[in-house]
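# Report on the structure
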Amino acid sequence: MSLGRPRQPLILTLEEKQKLELIARRPKTSQSQALRARIVLACAEDNTHQEIARGLRTTPATVGKWRNRFVKNRLQALGDAPRSGPPRTVSDGEIEKIITRTLERKPKNATHWSTRSMAKESGLSHDTIARIWRAFGLQPHRQEQFKLSTDPFFVEKVRDIVGLYMSPPERALVLCVDEKSQIQALERSQPLLPLKPGQPERATHDYFRHGTTSLFAALDIATGKVIGRCHGRHRHQEFLRFLDTIDQQVPAHLDIHLVIDNYGTHKTPKVAAWFRQHPRYHLHFTPTSASWLNQVERWFAKITEQRIRRETFHSVPQLIEAIMNYIAANNRNPKPFVWTASAETIFHKLKKTL
């Protein structure tokens, strides 16, 4: 005959049992939660508290505590109960005033609040202000920028270009074309200080200019290969020469879809005449102020980050050689960018910005 209070029956559903087994064996589960899950699983097998305590190296009181909690609140009972702490020193009304003042007012002689200016205004400590702002996701010190396209055909152009990226036409080549103009050949006035443990590479702020070049590039979105040429100037004459380069390198039986921006050199009469003489070219203009739609812009950011920004160039020919070597290395092992955003996703995100 059993002694003491009768135990409440503990019956697990299949879903609860699977969840408890997962918690008990998962490597990232905390030891305390894993023990609680093992206690509940053992209780479901109708073992006594003493047997479970001996098997799990705990006390019968602990087994009884977590058994009773699970019977009352099921899986939610495995977490820690709220712990008591010192009484609050800031009331809800004061917190509301801080939030309202942060959102609706600006400090005198400043464009935004800091924790110390708000603390001085409110009479609270700057640590308290920081905790309140953190809890409500407020960051007055930060400012982000945005630019919206004013193109009246923005929606149609986005659908057109995104459609090219996500469902490119058969027996055709999609090239993203643009120019990175005025790339400077900069020589640092002092040698670079190399990377050391605990210290990044350092470069002097002063430099000498040795001239500029403009990179014309066409990115094949299917393969990631790039057709590139450097020219001393950035006019429609250089753009026409680059179009001739593209025409020579792309097989004659393929149609070519060009994604380009609205820069003036792309729309001069001579450029328009060149396209009329080459009917296999189909133009897709990005909306005004929406160059982010052109994938070659991402490739320009890549070459700038990896090859140009931190290098020292003693002359423009040395800069051009570095650029062309980078393009050759890119084409030996190309990797295309993967466009994942549909037109509807882009429009939804823009709606959230407004």
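This text gives an overview of the structure that appears in the document. Just so it is clear, the model here is predicted, and its values are computed rather than measured.

Basis of the calculations
Residues numbered from 1 in each chain as written. Predicted model: local features only at pLDDT ≥ 70, side-chain atom pairs only at ≥ 80, totals over all residues. Heavy atoms only, no water. Pairing = 2+ DSSP bridges. Helix = DSSP H or I, 4+ residues; strand = E, 2+ residues; numbered from the N terminus. Axes fitted to C-alpha atoms, helices over the stretch in contact; angles between N-to-C directions. Contact = heavy atoms within 4.5 Å. Polar contact = N/O pair within 3.5 Å; in protein donor to acceptor, adjacent residues only side chain to side chain. Right-handed = clockwise from strand over helix to strand, strands pointing away. Phe/Tyr/Trp six-rings, centres within 6.5 Å; stacked < 30°, edge-to-face > 60°. Buried < 20%, exposed > 50% of the residue type's maximum accessible area, 1.4 Å probe, protein only. Lys NZ or Arg CZ within 6 Å of the ring centre and 35° of its normal. Lys, Arg positive; Asp, Glu negative; His and termini not counted. Salt bridge = Lys/Arg side-chain N within 4 Å of Asp/Glu carboxyl O. Core = buried A, V, L, I, M, F, W, Y, C linked by side-chain atoms within 4.5 Å. Expected span 1.5 Å × (residues − 1). Arc of directions from axis to C-beta. Parallel < 35°, antiparallel > 145°, perpendicular 65-115°, else oblique. Nonpolar A, V, L, I, M, F, W, Y, C, P; charged D, E, K, R; others polar.

As a general point, the strands of a sheet are linked pairwise by backbone hydrogen bonds and lie either parallel or antiparallel. With respect to topology, 5 strands assemble into an open sheet ordered β3-β2-β1-β4-β5, the strand pairing being mixed. Edge positions in the sheet fall to β3 (226-231) and β5 (281-285), since each of these pairs with one other strand and no more. Here the strands of the sheet are splayed against their neighbours by 25 degrees on average, with no regard to which way each runs. Here strand β1 (residues 172-188) runs beside strand β2 (residues 207-220); their pairing, made up of 11 bridges, is antiparallel. By the bridge assignment, Cys176 is partnered in β2 with Leu219. Those strands touched by helix α8 (residues 154-166) are β1, β4 (255-260) and β5, and its axis lies near 125 degrees from that of β5. Where helix α9 (residues 236-249) meets the sheet, it contacts β1, β2, β3, β4 and β5, and its direction lies at approximately 150 degrees from that of β3.

Mapped onto the elements of the fold, Thr304 is located in helix α11 (residues 295-308). In terms of polar contacts, Thr304 uses its side chain to reach the backbone carbonyl oxygen of Phe300, at 2.8 Å. Ignoring any residue separated from it by four or fewer positions in sequence, one finds Thr304 in contact with Lys180 and Arg309.

With that settled, the discussion passes to the pairing of β5. One ladder, built from 5 bridges, connects β4 with β5; its direction is parallel. Following the sheet pairing, His257 is matched in β5 by His282. Where the polypeptide runs from β4 across helix α10 (residues 269-277) and back to β5, its parallel neighbour, the crossover connection is right-handed.

What follows concerns the packing of aromatic side chains. One pass over the full model with this rule turns up 8 aromatic pairs. Residues Tyr165 and Trp339 carry aromatic rings whose centres are separated by 4.9 Å and whose planes lie at 50 degrees to one another, so their mutual orientation is tilted. Here Trp339 lies in the loop between α12 (316-332) and α13 (343-353) and Tyr165 lies in helix α8, a separation of 174 residues in the sequence. On the basis of an interplanar angle of 70 degrees and a centroid distance of 5.1 Å, the ring pair of Trp274 and Tyr281 is categorised as edge-to-face. Just as Trp274 is buried, Tyr281 falls in that class too. Of the aromatic side chains, those joined through ring pairs into one cluster are Trp274, Phe275 and Tyr281. Here Lys267 stacks its cationic end above the ring of Phe285, 4.9 Å away from the centre of that ring.

Among the secondary structure elements, Arg101 is positioned in helix α5 (residues 92-104). There is no salt bridge for the buried Arg101, and the closest opposite charge comes from Glu121, which lies 4.3 Å off by N-O distance. Those residues within four positions of Arg101 in sequence are excluded, and the remaining contacts are Trp113, Met118, Glu121 and Ser122.

Moving on to the pairing of β1. The element β1 is extensively covered by neighbouring structure, given that 12 of its 17 residues are classed as buried. As defined by bridge partners, β1 adjoins β4 across 5 bridges and the pair is classed as parallel. For Cys176, the partnering residue across the bridge sits in β4 and is Val259.

Counting 34 residues, the largest nonpolar core has Val158, Cys176, Leu215, Val259, Trp299, Ile303 and Ile323 as the members making the most contacts within it. For this core, the elements supplying multiple residues, two or more each, are α8, β1, β2, β3, α11, α12 and α13. In contact with Val259, other than residues within four places in its own chain, are Ile161, Leu164, Tyr165, Val174, Leu175, Cys176, Val177, His284, Thr286 and Asn294. Membership of the second largest hydrophobic core comes to 20 residues, among which are Phe239, Phe242, Ile260 and Phe275.

With respect to the helices and strands, Ser181 occurs in strand β1. As a C-alpha pair, Ser181 and His234 span 53 residues in sequence and 6.7 Å in three-dimensional space.

Moving on, we get to the pattern of salt bridges. Tallying each qualifying case throughout the model produces 10 salt bridges. Note that Lys157 and Asp151 form a salt bridge whose closest N and O atoms lie 2.8 Å from each other. A salt bridge links Asp247 to Arg280, with the shortest nitrogen-to-oxygen separation between them at 2.9 Å. In this pair, Asp247 sits in helix α9 while Arg280 sits in the loop between α10 and β5, placing the two residues 33 residues apart along the sequence. Accessibility expressed as a relative area gives 14% for Arg280, which makes it buried.

To continue, consider α12. Under the 1.5 Å per step criterion, the end-to-end length of α12 is 25 Å for 17 residues, consistent within 8% with the ideal 24 Å. Within the sequence span of α12, burial applies to Val316, Leu319, Ala322, Ile323, Tyr326, Ile327 and Asn330. Seen end-on, α12 carries its buried residues on one side only, within an arc spanning 135 degrees. In this structure, α12 carries Pro317, Glu321 and Arg332 as exposed residues pointing more than 90 degrees from its buried face. Where α12 begins, the capping side chain belongs to Ser315, and its oxygen is found 3.3 Å from the backbone nitrogen of Gln318.

Quick look at the packing of α5 against helix α7 (residues 126-135) now. Following both chains from N to C, one finds α5 and α7 inclined at 75 degrees, their axes separated by 11 Å at the closest point. Here α5 lies roughly perpendicular to α7, going by the angle between them. On the side of α5, the interface is formed by Ile95, Ile98, Ile99 and Thr102, while α7 contributes Ile129, Ile132 and Trp133. Grouping the amino acids of the contact of α5 with α7 by side-chain chemistry returns 6 nonpolar, 1 polar and no charged.

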